[in-house]
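The lines below spell out each chain.
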Amino acid sequence: MNRGNAVPMVSLRGVGKSFDGHRVLAGVDLDVHAGEVVSLIGPSGSGKTTLLRCMNFLEAYDEGEVRIRGALLGYRLAQGRRERESERIIAEVRAPVAMVFQQFNLWPHMTVLANVMAPLTLAKRMHEARARELAGQALARVGMSGKADALPGQLSGGQQQRVGIARALAVHPEVMLLDEPTSALDPELVDEVLEVIKSLSRDGMTMVMVTHEMSFAADVSDRIVFMEKGRIVALGPPDDMVRRPTHPRLQAFLQPWIRRSLAPAPGGAGLPARSSQP
Ligand SMILES: Nc1ncnc2c1ncn2[C@@H]1O[C@H](COP(=O)(O)OP(=O)(O)OP(=O)(O)O)[C@@H](O)[C@H]1O
Ligand SMILES: [Mg+2]
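Because the structure is predicted, anything quoted here is derived from the model rather than measured. (Residues numbered from 1 in each chain as written. Chains lettered and ligands numbered in written order. Predicted model: local features only at pLDDT ≥ 70, side-chain atom pairs only at ≥ 80, totals over all residues. Heavy atoms only, no water.)

(A) Structural context of the overall build of the protein chain. A count of helical and extended segments in the protein chain gives 9 helices and 12 strands. For the protein chain, the C-alpha radius of gyration of 20 Å lies close to 19 Å, the compact-globule estimate for 278 residues. Overall, the protein chain is about 80 × 50 × 40 Å in size when its C-alpha atoms are taken along their principal axes. Across the 278 residues of the protein chain, 47% fall into the buried class. At a minimum sequence separation of 6, the contacts of the protein chain that also span at least 24 residues come to 62%. For the protein chain, the accessible surface area stands at approximately 14100 Å², while carbon and sulfur atoms represent 51% of it. (Helix = DSSP H or I, 4+ residues; strand = E, 2+ residues; numbered from the N terminus. Rg over C-alpha atoms; globule rule 2.2 N^0.38 Å. Buried < 20%, exposed > 50% of the residue type's maximum accessible area, 1.4 Å probe, protein only. Contact = heavy atoms within 4.5 Å. Areas by Shrake-Rupley, 256 points an atom, 1.4 Å probe, with all protein chains shown as cover.)

Have a look at this one:
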């Protein structure tokens, strides 16, 4: 795709982060363009969540630059030195970015509707009536209008995550960051959430998603990023990354998944179907 001189939605240059002297991000460069879906994969501890959290400054990176639509996030330059930006400006720069969490992070004592309204009334100081309207639209978008008055504890995990997605959508973000949005769910509840994410991608939503759902990542992503030890080791379209990986480390990482997806399903897929047997 020729992007001309379009400013990336999210741009990372040399992004680094250390915790207690341990460098968990070691210089990450990545551009995410409008309408792109980028999936982050890699072993546990490789820095996927930290990278995602740096993209909206939930985690303060300490090397390099994160830019949202060209605007530097989190810092300003003062006499050649970098200083932390005011919370007001940080909020402004990150305004186009919304996050969906693995554990949903809904307030248990608040109704579904109130949860989805909260970022609008609290963070964006929107009038109650307008917030209610936008929250209602977002709940309809994920098929959860019927549960607006329920408490999160009365919903299944899949429904709770759809509310989590609605809460992110309600602010009309330009980029959504999703950290393993289905990994806290029972297997039978995964598909309803993946279906919502897929429909957002069809609508052109820009998304960066950490996931272990390889088939889904291959299906929905424009590019897949493989991380290891705080670095991007390989990056490319799903065909090159998941279906025909050539990088040896990536091949090793995907091996268990490839073995599983080639293995006959329990009950004898690969054998003649029961009905065709005499
Ligand atoms: N707040 C923190 N304080 C100290 N160390 C941290 C903190 N957050 C992350 N780390 C460390 O940073 C490294 C990267 O963690 P991160 O959560 O980004 O990995 P991940 O790729 O998302 O792993 P997983 O697949 O298990 O979710 C790990 O070694 C982790 O222990
Ligand atoms: Mg993680």
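(B) Local environment of the sheet that holds strand 1 (residues 10-19). Spatial ordering of the open sheet is given by 2-1-4-5, a layout of 4 strands whose pairing is antiparallel. Because the sheet does not close on itself, it has two edges, and the strands there are strand 2 (22-32) and strand 5 (71-72). As defined by bridge partners, strand 4 (residues 63-68) adjoins strand 5 across 2 bridges and the pair is classed as antiparallel. If you follow Ile68 over to strand 5, its bridge partner there is Ala71. (Pairing = 2+ DSSP bridges.)

(C) Inspection of helix 6 (residues 187-202) at higher detail. Here helix 6 contains 16 residues, and its C-alpha end-to-end distance of 24 Å stays within 8% of the 22 Å for a straight helix at 1.5 Å per residue. Turning to helix 6, its buried residues are Leu189, Val190, Val193, Leu194, Val196, Ile197, Ser199, Leu200 and Ser201. Where helix 6 is buried, its residues contact strand 3 (37-41), helix 4 (128-141), helix 5 (157-170), strand 9 (175-179), strand 10 (206-210) and helix 7 (214-220). Positioned one or two residues after helix 6, Gly204 has a phi angle of 90°, which is positive. (Expected span 1.5 Å × (residues − 1).)

(D) Geometry of the site of ligand 1. Around ligand 1, a shell composed of Phe19, Val24, Pro43, Ser44, Gly45, Ser46, Gly47, Lys48, Thr49, Thr50, Glu180 and His212 is seen. Ser44 places a side-chain nitrogen or oxygen 2.6 Å from an oxygen atom of ligand 1. Within the complex, 61% of the 640 Å² of free accessible area of ligand 1 lies under protein. Here the shell around ligand 1 takes 3 residues from helix 1 (residues 48-54), the largest share from any one element. In terms of residue class, the shell around ligand 1 is made up of 3 nonpolar, 7 polar and 2 charged. (Near = heavy atom within 4 Å. Polar contact = N/O pair within 3.5 Å; in protein donor to acceptor, adjacent residues only side chain to side chain. Nonpolar A, V, L, I, M, F, W, Y, C, P; charged D, E, K, R; others polar.)

(E) Main features of the packing of aromatic side chains. In this structure the tally under the stated criterion is 4 aromatic pairs. Taken together, a centroid distance of 5.7 Å and an interplanar angle of 85° make the contact between Phe57 and Tyr61 edge-to-face. Both residues of the pair, Phe57 and Tyr61, count as buried. Measuring from centroid to centroid gives 5.4 Å for Phe57 and Tyr75, while their planes differ by 90°, and the two rings are edge-to-face. Of the two residues, Phe57 is situated in the loop between helix 1 and strand 4 and Tyr75 in strand 6 (residues 75-78); the sequence distance between them amounts to 18 residues. Both residues of the pair, Phe57 and Tyr75, belong to the buried class. (Phe/Tyr/Trp six-rings, centres within 6.5 Å; stacked < 30°, edge-to-face > 60°.)

Geometric descriptors of this kind do not, in isolation, establish any biological role.
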